[in-house]
There are 2 protein chains.
Amino acid sequence: MHAFDAALRLEPVGTDRLPARFAGHTSADYWNMVGPFGGSTAAVVLAAILRHPDLLGAPLSITVNYAAALTQGPFEVQVLPARTNRSTQHWTAAIVQNNEDGQPQVVTTATAVTAVRRETWSLSDRPMPQVPAPAELPARGFERAMAWLGQYEMRPVSGSIPETWDDRLGTDSTTRLWIRDQPPRPLDFCSLLACSDVFFPRVWLRRATYTPAGTVSITTYFHASAQELQATGPGWLLGQASAQEFRNGFFDQSAQLWNEAGVLLATSHQIVYYKA
Amino acid sequence: MHAFDAALRLEPVGTDRLPARFAGHTSADYWNMVGPFGGSTAAVVLAAILRHPDLLGAPLSITVNYAAALTQGPFEVQVLPARTNRSTQHWTAAIVQNNEDGQPQVVTTATAVTAVRRETWSLSDRPMPQVPAPAELPARGFERAMAWLGQYEMRPVSGSIPETWDDRLGTDSTTRLWIRDQPPRPLDFCSLLACSDVFFPRVWLRRATYTPAGTVSITTYFHASAQELQATGPGWLLGQASAQEFRNGFFDQSAQLWNEAGVLLATSHQIVYYKA
């Protein structure tokens, strides 16, 4: 079993549907500094929604708020279809973990929308930037810094982590990189969601100063259908991320993820805490 | 009383805090096509959070999902501080309205984060575009189309609604406009949030074809402090909005709002249904 699928393993708890409850366990393979990689936490929430027996359609949007770091061990995902319309369904969700006193605490809140989509007039206003193909670029091995980085193969294109922390102000906050699961795994909505959170903190790029940072809230919009994800298979994604504003302890980030064929699969936004 | 404040009038219901409940009523002044203007609905959710006795800090981010159109009449806002940390607080919220059978139905879901912020190193990567001042631009009167438009004074800068619906493909999906409350009202977090949803559907601009469209989910990040909003006062905001992808019934929109002094007050993202 791929480590990503193992990290998303969920067991239904009871038969309640208000909300439906799923038991999971944190994965050492996706460990970040002080908790799981946020992309894997978001993917766990989405996986629970996709397991719900009343699911309508496919993911359209999801917002995940990181209220507290998960600790290593078991957790419960609670998901509720708060409103089901003809072609859209609105979800609320939470991850709950017991504290040291055995009291359940909310560690993650989330909302999501799933939708039945049909083919319509479509147009992209964000063409994939012209960049070298992944095979033309060297791999960069920062796998050892944190466990989750070892689960991805990355080929930096531009805007990489500064080589030296010399406090130099960068000229912009844009990073481009090719990324895929390591070992490769066919793309699905959960792994696409996880990939929308793989970028190192923009504040490091903009100001080569080592600064603790962590995502507070992420929102990802899915533009691709399950068929387009299948067509992408285990191929590379081009990721691009930029910040707009760094202000008083928080910056924003906007990201795009294209497949190698240049199809914009997802766009994503987050607000990130930084200590400065 | 300003119409915006009247639209946000809330009365506590009972003394429960799990969740706290507030009674409100839709405003005819902010009516859109088939329900209230989404910006005012989002502002009502935020107003309830800001009224909660346990509030920590000021708004950092909010996501509002429009599960169903509100009908004219009373509604209830339910807000819960799901997790309170040292300097951040995570909120879940919903708007509930009774259906024809008197059964409460979720019409809006939301999450938000409030935070106590302190001054840090800060930097903007999204300078305000160079545009003519509002006084140099003519007002455009589309007030009569929908009631809520009459509550705003707008000065289009570029990317206005097509004059003719001739199916012409536009060259991009960017709109710039100056906006303020009509009559002017000192800016606060709720009115800033409402302003982040004032843009007409990007699909109209990109393809001059009249197309029904409606926001499904909006996320707004607040970069400004209460002091910066106070300094903006009743002044103009420059709003800019662009789409990245129109695909199979949904497009995304990213927006920025600066004050006249060029301070980026908020950035906002939404996913929008369109019928094509």
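Throughout this document, residue positions are counted from 1 along each chain, in the order its sequence is written. Whichever chain is written first is A, and whichever ligand is written first is 1; the rest continue in order. Restriction of local features to residues with pLDDT of at least 70 applies here, the model being predicted, together with a cutoff of 80 or more for giving and counting side-chain atom pairs; totals for whole chains, interfaces and linings are based on all residues. Derived side-chain values reflect all non-hydrogen atoms in the structure, with water molecules and hydrogen atoms excluded from consideration.

## Some details on the interface of chain B and chain A
Chain B puts 63 residues into the contact, and the matching count from chain A is 63 residues. We define buried area as the total accessible area lost by two parts upon association, computed with a 1.4 Å probe and summed across both. Summing both partners gives a buried area of about 5600 Å² for chain B against chain A, and 53% of it is carried by carbon and sulfur. The salt bridge definition used is simple: a Lys or Arg side-chain nitrogen within 4 Å of an Asp or Glu carboxyl oxygen. Our enumeration of links across chain B and chain A arrives at 4 salt bridges. Notably, a salt bridge pairs A:Glu228 with B:Arg247, separated by 2.8 Å at the nearest N-O pair. A helix here means a DSSP run of H or I that spans at least four residues, while a strand means a run of E at least two residues long, and both kinds are numbered starting from the N terminus. Here the side of chain B that touches chain A takes 8 residues from strand S6 (residues 104–115) of chain B, the largest share from any one element. Only heavy atoms enter the contact rule, under which two residues are in contact if any of them lie within 4.5 Å.

## A short note on the relation of the copies chain B and chain A
There are two copies of the chain, and a rotation about an axis plus a shift along that axis relates them. A least-squares superposition brings the copies together, and it is based on the C-alpha atoms of residues with pLDDT no lower than 70 in both. Its rotation angle being 180 degrees, the transformation that places chain B on chain A also includes 0.0 Å of axial translation and leaves an RMSD of 0.0 Å. A rotation of that kind, with that shift, is consistent with a two-fold axis. Here 100% of the contact residues of chain B are again contact residues in chain A; the copies associate through an equivalent surface.

## Considering helix H2 (residues 38–51) of chain A
Think of an α-helix as turning once every 3.6 residues; residues three or four places apart then point the same way. A helix is expected to span 1.5 Å multiplied by its residue count minus one. Across its 14 residues, H2(A) extends 20 Å between first and last C-alpha, which sits within 8% of the 20 Å expected from 1.5 Å per residue. Whether a residue is buried, partly exposed or exposed follows from its accessible area with a 1.4 Å probe, protein chains only, as a fraction of its type maximum: under 20%, in between, or over 50%, in that order. Where H2(A) is concerned, the buried positions are A:Gly38, A:Gly39, A:Ser40, A:Thr41, A:Ala42, A:Ala43, A:Val44, A:Val45, A:Leu46, A:Ala47, A:Ala48 and A:Ile49.

## Examining the side chain of B:Thr88
For B:Thr88, the position within the fold is in strand S5 (residues 88–98). Look at B:Thr88 and you get buried, because its relative accessible area is 13%. Residues within four places of B:Thr88 in sequence aside, it is in contact with A:Phe250, B:Leu56, B:Arg83, B:Val113, B:Thr114 and B:Ala115.

## Observations concerning the pattern of salt bridges
For the structure on display, the rule yields 20 salt bridges over all chains. A salt bridge links A:Arg168 to A:Asp166, with the nearest nitrogen and oxygen atoms 3.1 Å apart. Residue A:Asp166 is classed as partly exposed on the basis of its relative accessible area of 38%. Between B:Glu245 and B:Arg247 there is a salt bridge, and its shortest N-O distance comes to 2.9 Å.

## Topic: the packing of aromatic side chains
We call Phe, Tyr and Trp rings a pair once their centres come within 6.5 Å, taking the six-membered ring for Trp, and we label the pair stacked below 30 degrees between planes, edge-to-face above 60, and tilted otherwise. For the coordinates displayed, the defined rule picks out 31 aromatic pairs over all chains. Centre to centre, the rings of A:Phe250 and A:Tyr273 are 5.8 Å apart; their planes meet at 65 degrees, and the pair counts as edge-to-face. Residue A:Phe250 is found in strand S13 (residues 250–259), and its partner A:Tyr273 is found in strand S14 (residues 264–274); the two are separated by 23 residues along the sequence. Take A:Phe250: its relative accessible area is 4%, and that puts it in the buried class. Ring centres of B:Phe189 and B:Phe222 lie 5.6 Å apart, and the angle between their planes is 85 degrees; on these two criteria the pair is classed as edge-to-face. Residue B:Phe189 is located in helix H3 (residues 189–195), and its partner B:Phe222 is located in strand S10 (residues 213–222); the two are separated by 33 residues in the primary sequence. Two conditions define a charge located above a ring, namely a distance within 6 Å from the ring centre to NZ of Lys or CZ of Arg, and an angle within 35 degrees of the ring normal. For the cation-ring pair, A:Arg202 lies above A:Phe200, with the distance from its terminal atom to the ring centre recorded as 4.7 Å.

## Considerations on unusual backbone geometry
Residue and element names in this part refer to chain A. Cis geometry marks the peptide bond from Leu18 to Pro19, where omega comes out at -5 degrees. Within the secondary structure layout, Pro19 lies in the loop between strand S1 (11–13) and strand S2 (20–25). Although it is not a glycine, Asn248 sits at a positive phi angle of roughly 45 degrees. Relative to the helices and strands, Asn248 is located in the loop between strand S12 (245–247) and S13.

## Looking at the domain arrangement of chain A
All names here are of chain A. Annotation comment: domain bounds sourced from an automatic or database domain assignment. Here the domain parsing of chain A yields domain 1 (3–115) and domain 2 (134–274). Between the C-alpha centres of domain 1 and domain 2 there is a distance of 22 Å. Contact with domain 1, which involves 28 residues of that partner, is made by 22 residues of domain 2. Contact with domain 2 buries area across many residues of domain 1, yet Phe4, Phe37 and Tyr66 alone supply 26% of it, more than any other trio. Linking domain 1 with domain 2 are 1 salt bridge. The shortest N-O distance in the salt bridge between Asp5 and Arg185 comes to 2.8 Å. Sorting the residues of the side of domain 1 that touches domain 2 by element identifies helix H1 (3–7), H2 and strand S3 (58–66) as the ones contributing at least two each. In the scheme used here, Gly and all other residues not listed as nonpolar or charged are polar, with Ala, Val, Leu, Ile, Met, Phe, Trp, Tyr, Cys and Pro taken as nonpolar and Asp, Glu, Lys and Arg as charged. Looking at side-chain class alone, the side of domain 1 that touches domain 2 contains 19 nonpolar, 7 polar and 2 charged residues.

## Remarks on the environment of A:Gln151
Note that A:Gln151 resides in the loop between strand S7 (123–124) and strand S8 (152–158). In the structure, A:Gln151 is positioned 147 residues away from A:Phe4 in sequence and 8.1 Å away in space, judged by C-alpha atoms.

## Focus: the pairing of S2(A)
All names here are of chain A. Residues Ala20, Phe22 and Gly24 line the buried face of S2, whereas the alternating positions Arg21, Ala23 and His25 sit on a face that is not buried. A strand pair is defined by DSSP finding two or more bridges across the two strands. Of the pairings in the sheet, the one linking S1 to S2 comprises 3 bridges and is antiparallel in character. Its bridge partner lying in S2, Pro12 is registered against Phe22. Counting the residues between successive antiparallel strands, the hairpin from S1 to S2 contains 6 residues, one of them, Gly14, with a positive phi of roughly 65 degrees.

## Looking at the environment of B:Gly14
Residue and element names in this part refer to chain B. Along the polypeptide, Gly14 turns up in the loop between strand S1 (11–13) and strand S2 (20–25). Gly14 gets classed as exposed once you look at its relative accessible area, which sits at 58%. A sequence separation of 256 residues divides Gly14 from Gln270, and the C-alpha atoms of the two residues are 34 Å apart.

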